[in-house]
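Now for the letters of each chain:
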Amino acid sequence: DSSGSSSSCSILTLSENAGSTLESRTEAVKNVMDNLRDRGVITGWRDELYGLTSGFYEPPVLLVERAAASFLGMLQYGVHVNGLGK
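Along each chain, residue indices are assigned from 1 in the same order as the chain's sequence is written. With pLDDT at 70 or above as the cut-off, local features in this predicted model cover only qualifying residues; side-chain atom pairs require 80 or more to be listed or tallied, and sums for whole chains, interfaces and linings still use all residues. Where side-chain values are given, they derive from all heavy atoms of the structure, hydrogens and water being excluded.

Observations regarding the overall build of the chain
So, point 1. Starting at the N terminus, helices and strands are each numbered in turn, a helix being any DSSP run of H or I of at least four residues and a strand any DSSP run of E of at least two. In terms of helices and strands, the chain carries one helix and two strands.
So, point 2. Buried residues in the chain amount to 20% of all 86 residues.
So, point 3. Should any heavy atoms of two residues lie within 4.5 Å, those residues are considered in contact. Long-range pairs, those at least 24 residues apart, make up 32% of the contacts in the chain with a sequence separation of at least 6.
So, point 4. Of the roughly 6800 Å² of accessible surface on the chain, a fraction of 52% belongs to carbon and sulfur atoms. Only protein chains enter the area calculation, which uses a 1.4 Å probe; residues under 20% of their type maximum are buried, those over 50% are exposed, and those in between are partly exposed. Surface exposure here means Shrake-Rupley accessible area, sampled with a 1.4 Å probe, where a residue is shielded only by the protein chains that are shown.

Details of the packing of aromatic side chains
The description of an aromatic ring pair uses the distance of the two centres, along with the angle that the planes make with each other.
So, point 1. Ring pairs are drawn from Phe, Tyr and Trp, using the six-membered ring of Trp, whenever the two centres fall within 6.5 Å, and their geometry is named by plane angle: stacked under 30 degrees, edge-to-face over 60, tilted for the rest. According to the stated counting rule, one finds one aromatic pair in the structure shown.
So, point 2. Between the aromatic rings of Phe 56 and Tyr 57, the centroid separation amounts to 4.8 Å while the plane-to-plane angle is 85°, which identifies the pairing as edge-to-face. Judged on exposure class, the residue Phe 56 and its partner Tyr 57 are both exposed.
So, point 3. Two thresholds decide whether a charge sits over a ring: the Lys NZ or Arg CZ must be within 6 Å of the ring centre and within 35 degrees of the ring normal. Lying over the aromatic face of Trp 45, Arg 37 brings its terminal NZ or CZ to 4.6 Å of the ring centre.

Re the nonpolar core
So, point 1. Definition used in this section: a nonpolar core is a set of buried Ala, Val, Leu, Ile, Met, Phe, Trp, Tyr and Cys residues joined via side-chain atoms within 4.5 Å. Grouped together as the largest cluster of nonpolar side chains are eleven residues: Val 29, Met 33, Leu 36, Ile 42, Tyr 50, Leu 62, Val 64, Ala 67, Ala 68, Ala 69 and Met 74.
So, point 2. Broken down by secondary-structure element, the contributors of at least two residues to this core are helix 1 (22-38) and strand 2 (62-65).
So, point 3. When residues in this core are grouped by element, the largest group, three residues, is from helix 1.
So, point 4. Not counting the four nearest positions on each side in its chain, Met 74 is found in contact with Tyr 50, Gly 51, Leu 52, Val 64 and Ala 69.

Describing the pattern of salt bridges
So, point 1. We define a salt bridge as a contact between a side-chain nitrogen of Lys or Arg and a carboxyl oxygen of Asp or Glu at a distance within 4 Å. Tallying each qualifying case throughout the model produces four salt bridges.
So, point 2. The partner of Asp 34 in a salt bridge is Arg 37, with the nearest N and O atoms 3.6 Å apart. With Asp 34 and Arg 37 both in helix 1, this residue pair falls three residues apart, about one helical turn.
So, point 3. Of the charged contacts in the structure, one is a salt bridge between Asp 38 and Arg 37, with a shortest N-O distance of 3.1 Å.
So, point 4. On the basis of relative accessibility, which here comes to 59%, the residue Asp 38 falls in the exposed class.
So, point 5. Judged by relative accessible area, which is 30%, Arg 37 ranks as partly exposed.
So, point 6. Through salt bridges with shared partners, a single network forms among Lys 30, Asp 34, Arg 37 and Asp 38.

A word on helix 1
Side chains of residues three or four places apart in an α-helix project in the same direction, reflecting 3.6 residues per turn.
So, point 1. The end-to-end C-alpha distance of helix 1, which contains 17 residues, comes to 24 Å, matching closely the 24 Å that a straight helix rising 1.5 Å per residue would cover.
So, point 2. Inspection of helix 1 places Arg 25, Thr 26, Val 29, Met 33, Asp 34 and Leu 36 among the buried residues, and these make up the whole buried set.
So, point 3. Looking at the packing, one finds that the buried side of helix 1 touches strand 2.
So, point 4. Immediately downstream of helix 1, the backbone of Gly 40 shows phi near 85°, a positive value. The span expected for a helix works out to 1.5 Å for each residue beyond the first.

This is the structure we're talking about:
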């Protein structure tokens, strides 16, 4: 956060070049995340897109690789199902 505020919370801001659609913002962030993956910064790549939203039931504003979500400070939700088959 370069606003000079004393808040400990950083905010990701995309430039206007990232566009205003889900697709254009996703592509803009994907290029950065791909670069970080290729440099070995992001590991555990799953090829699973995960939505960045302002709330649990809100539509996503962009999609990012799930392995990269923590680099953006995103809360992640998941469901684990265990079963026994005969």
